[in-house]
Structure formats: structure tokens, C-alpha cells
Amino acid sequence: MPAVFVLIWSTGFIVARYGMPNSPPFKFLVVRYGLSILCFLPWIWGARVKWPQTGSQWLHLCVTGLLMHSGYLGGVWAAVKAGMGSGLAALIVGVQPILTAIWLSMLGNSGVGGPVNRRQWTGLTLGFAGLAMVVSRKFGEGSPGDMVNSVNLAYALGALVSITAGTLYQKQFVQPCDVRSANTVQLMAAFFVTLPLALMELEPMGWTADLYGAMAWSVLGLTIGGSSLLYLLIQRGAAASVASLMYLVPPSTAMLAWLLFDEPVTIFTVMGILLTALGVSLVIRPARA
């Protein structure tokens with residue numbers, strides 16, 4: 001399950017590059033949410049899947065839907081639309097394991113122990129240093145799909161905060177329930193929040209072959225497949241362990257972006273990935289007895 005999740009999740013940033021030239025981000029996402037709901041509802045009805053039983057569970061699922069769909073996907077897609085490369089967007093969101101591990105460590109309820117120790121602070125510093133290396137080399141560059149500015153960087157950082165908070169919130173408050181009904185509730189919340197943003201976008205959707213393909217994979221592969229796997233992984237494992245899988249996404253995305261879009265993989269990109277990997281390993285590695 002983790003290996004399949006990483007493979008599917010890595011394609012999300014690539015799909016954004018295919019879809020964004022032909023559609024504004026929030027219009028694409030609101031159609032994606034709507035089609036995903038229409039796919040889940042017959043499945044739920046045919047399999048007689050139970051819906052969440054209490055109002056609090058509906059509320060908690062709606063909150064996670066806003067964070068992990070509206071906030072995370074909206075931030076990533078808006079960043080790519082604003083000129084950021086898909087590999088760099090994946091790298092920024094890939095800092096999530098560090099933030100998750102540090103937060104859980106401060107709460108003292110994870111495998112990394114109690115207060116943040118010197119080794120973990122070193123890992124945190126190295127992880128952000130690796131990210132800064134990549135961002136500093138790209139800031140202000142004007143090539144399409146490989147540009148960083150204050151706008152798309154803010155979108156990407158917002159996505160990072162949203163996926164981190166959503167993972168922690170779901171692990172803490174969402175009780176185990178059927179992934180199909182849970183995912184549908186999350187998508188409904190994301191749909192109604194994203195719809196007003198989509199209506200404010202003036203750019204129309206240009207339904208080309210690339211956009212049809214991007215939409216189909218977004219619904220069937222990423223939402224029904226990837227989001228459902230993420231829900232199951234969070235329910236069955238520790239939040240820090242699940243978050244650590246996210247680090248495997250940036251290298252996979254960088255290689256796919258290099259193959260498909262000729263996005264450069266420079267020595268600074270490689271060094272940044274290695275530094276981030278070292279930082280993550282220092283943060284989430286359990287202390288020796």
C-alpha cells in the first residue's frame with residue numbers, strides 16, 4: 001500500500017502541469033470534486049456502505065476535507081498555475097515530514113519521543129537548508145514552469161501547512177469509518193468551499209485532450225485511489241510514519257517532470273533533496289534506548 005500510494009501521489013504534480021495550461025486551478029478542482037462524488041455515490045449505494053453516525057464525525061471529516069483537499073490541492077494547483085515547476089512544488093510540500101514529526105514530538109505522543117532534542121533540531125535545520133538551496137536558485141527566474149515568486153511560493157507554503165494540519169487533525173479526531181463514505185464527505189466539503197473561488201475565475205476551461213486526460217486521472221487515480229489510500233494509511237499507522245512517505249514523492253516527481261517536461265534537475269536540486277532526506281531521517285529516527 002505505501003509504495004502504490006507514493007507512485008500515485010507523485011503523479012498529482014505532473015497532472016497539474018498537464019491541466020493548468022488549459023484551465024484555471026479552482027475550476028478544475030471543483031469539477032474534479034464533483035465528478036469524484038458522482039463516482040463514489042453509486043458505489044456507496046450499491047455496496048450499502050454506512051455513513052458517519054454522529055454530527056461530530058461529519059464535522060471532523062469536513063474539516064479534514066477542507067485542509068487536505070481545498071487547502072492542499074488548491075495551494076499546489078494555484079502554485080503550478082502561477083509558474084512554479086511541479087518538481088519544486090513537490091519538494092516544498094515534501095517538508096511535511098519534518099513539520100509533522102516536530103509537532104508530534106512537542107506533544108510527546110509519537111515514536112520520536114518528548115521535547116525536541118538537539119538531533120531533531122539539526123534535522124529540521126538541514127531540511128529547510130536543502131529546500132532553501134533549491135528555492136534560492138530558482139527565485140526570480142522567468143522560464144515557464146520553473147519560476148518562483150512570492151505569489152506561487154505563498155500558495156505552495158499554504159499547501160504544506162494544510163496537508164500537515166490535515167494529517168494531524170485526521171489522526172487525532174476522525175474515528176475509523178468506511179473510506180468511501182468518509183472520502184465523499186470530505187469531497188463535499190471541499191466542493192462547496194472551492195465553488196465560490198471557481199466562480200470568481202474569469203479564465204474558461206479549454207477542453208483539450210490533455211485536460212480530459214488530466215481530469216480522468218485526477219478523479220479515478222488521485223482522488224478515488226490516492227486520497228483513499230492516504231485515508232487508510234493515516235487510520236492504520238502513526239502520523240509521523242505516514243508523513244515520512246511524503247518525502248519519497250519529490251524525487252519521484254522530479255524524475256517524472258524531467259522526463260515529461262524537461263524540467264532541469266541540477267546539482268543544487270540533488271543536493272537539496274539529499275539535505276532534506278538527511279534532515280527527515282534525523283527528525284523521525286527513534287532515539288536509541
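Structure shown above.
Residues numbered from 1 in each chain as written. Predicted model: local features only at pLDDT ≥ 70, side-chain atom pairs only at ≥ 80, totals over all residues. Heavy atoms only, no water.

**So, the overall build of the chain**
Here is the rule we go by: Here a helix means four or more residues in a row that DSSP labels H or I, a strand means two or more in a row labelled E, and each is numbered from the N terminus. Only protein chains enter the area calculation, which uses a 1.4 Å probe; residues under 20% of their type maximum are buried, those over 50% are exposed, and those in between are partly exposed. Every accessible area reported is derived by Shrake-Rupley at a probe size of 1.4 Å, with residue values counting cover from the shown protein chains alone.
Looking only at helices and strands, the chain features 12 helices and 0 strands. Secondary structure of the chain in N-to-C order comes out as α-α-α-α-α-α-α-α-α-α-α-α. With 289 residues in all, the chain has 53% of them scored as buried. As displayed, the chain offers around 12,700 Å² of accessible surface, 71% of which is attributable to carbon and sulfur atoms.

**Things to note about the environment of Ser23**
The condition is simple: Whether two residues are in contact is decided by their heavy atoms: any pair within 4.5 Å suffices.
Here Ser23 shows up in the loop between helix H1 (2–19) and helix H2 (25–47). A relative accessible area of 0% means that Ser23 is categorised as buried. As for Ser23 and Thr208, which are separated by 185 residues in sequence, their C-alpha atoms are 9.9 Å apart. Beyond its immediate stretch of four places on either side in the chain, Ser23 contacts Phe28, Lys81, Glu203, Pro204, Met205 and Leu211.

**Looking at the nonpolar core**
Let me state the cut-off plainly: Residue types Ala, Val, Leu, Ile, Met, Phe, Trp, Tyr and Cys, when buried and joined through side-chain atoms within 4.5 Å, form a set referred to as a nonpolar core.
Core analysis: the largest hydrophobic core is formed by 49 residues, its most contacted members being Phe28, Tyr72, Trp77 and Met84. Elements with a minimum of two residues in this core: H1, H2, helix H3 (55–81), helix H4 (86–93), helix H7 (150–173), helix H8 (179–200) and helix H9 (209–236). Among all residues touching Trp77, those that are not within four sequence positions of it are Gly12, Val15, Ala16, Met20, Pro25, Phe28, Leu29, Arg32 and Ser218. Core analysis: the second largest hydrophobic core is formed by 6 residues, Leu61, Val174, Ala182 and Val185 among them.

**Looking at H3**
Rules: A helix's residues, less one, multiplied by 1.5 Å, set its expected span. Bend, at a single residue, is the angle you get between axes fitted to the 7 residues ending at that residue and the 7 residues starting at it.
Compared with the 39 Å implied by 1.5 Å per residue over 27 residues, the 37 Å span of H3 between its first and last C-alpha is a close match. Along its length, H3 reaches its greatest deviation from straightness, about 25 degrees, at Leu66. Backbone geometry just downstream of H3 places Gly83 in the positive-phi region, at approximately 110 degrees.

**Considerations on a nonpolar patch on the surface**
Basically, it comes down to this: Residues enter patches when their relative accessible area tops 30% and they take part in no salt bridge; the joining distance is 9 Å for like charges and 5 Å for the nonpolar side chains Val, Leu, Ile, Met, Phe, Trp and Tyr. By definition, a salt bridge exists where a carboxyl oxygen of Asp or Glu is found within 4 Å of a side-chain nitrogen of Lys or Arg.
Together, Tyr18, Met255, Trp258, Leu259, Leu260, Val265, Ile267, Val270, Met271 and Leu274 line one region of the surface with nonpolar side chains, adding up to about 930 Å² of accessible area. At the level of secondary structure, the elements contributing two or more residues to the nonpolar patch comprise helix H11 (249–261) and helix H12 (267–284). Inspection of the secondary structure assignment puts Tyr18 in helix H1. Assessed through its relative accessible area of 31%, Tyr18 is described here as partly exposed.

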